[in-house]
Amino acid sequence: MTGSFAVLLIILAAVALYAIVGTVVLVARDGRGHLPVEKSERPWTAGNLPSLPYSLIRF
């Protein structure tokens, strides 16, 4: 029983180490904080329609 518990702890430690290393690599590779890279396109517009619904506009 003690041997299987030790093997389980070793497996859990290896998985935790793999997750920590993967997280550090991902954060280091993504320096700006954007995955995938943001597109530099203009936002969508609807011509000259108002930005508020007509029911909220006070005349």
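The structure this text deals with has already been given above.
Because the structure is a prediction, the values reported are computed rather than measured.

Student: Whenever I open this one, the overall build of the protein chain confuses me. Can you help?
Tutor: Helices and strands together make up the secondary structure of the protein chain, namely one helix and zero strands. Counting the 59 residues in the protein chain, one finds 2% classified as buried. In the structure as shown, the protein chain presents an accessible area of about 6,100 Å², 69% of it carried by carbon and sulfur atoms.

Student: Before we go on, may I ask you to explain a nonpolar patch on the surface in this structure?
Tutor: Residues F5, L8, L9 and L12 make up a contiguous nonpolar surface patch of roughly 400 Å² in combined accessible area. The residue L9 is located in helix α1 (residues 2–29) in this model. L9 gets classed as partly exposed once you look at its relative accessible area, which sits at 45%.

How each quantity is defined
Residues numbered from 1 in each chain as written. Predicted model: local features only at pLDDT ≥ 70, side-chain atom pairs only at ≥ 80, totals over all residues. Heavy atoms only, no water. Helix = DSSP H or I, 4+ residues; strand = E, 2+ residues; numbered from the N terminus. Buried < 20%, exposed > 50% of the residue type's maximum accessible area, 1.4 Å probe, protein only. Areas by Shrake-Rupley, 256 points an atom, 1.4 Å probe, with all protein chains shown as cover. Patch = residues over 30% accessible without salt bridge, like charges linked within 9 Å, V, L, I, M, F, W, Y side chains within 5 Å. Salt bridge = Lys/Arg side-chain N within 4 Å of Asp/Glu carboxyl O.

Just geometry here; none of it tells us what the structure is for.
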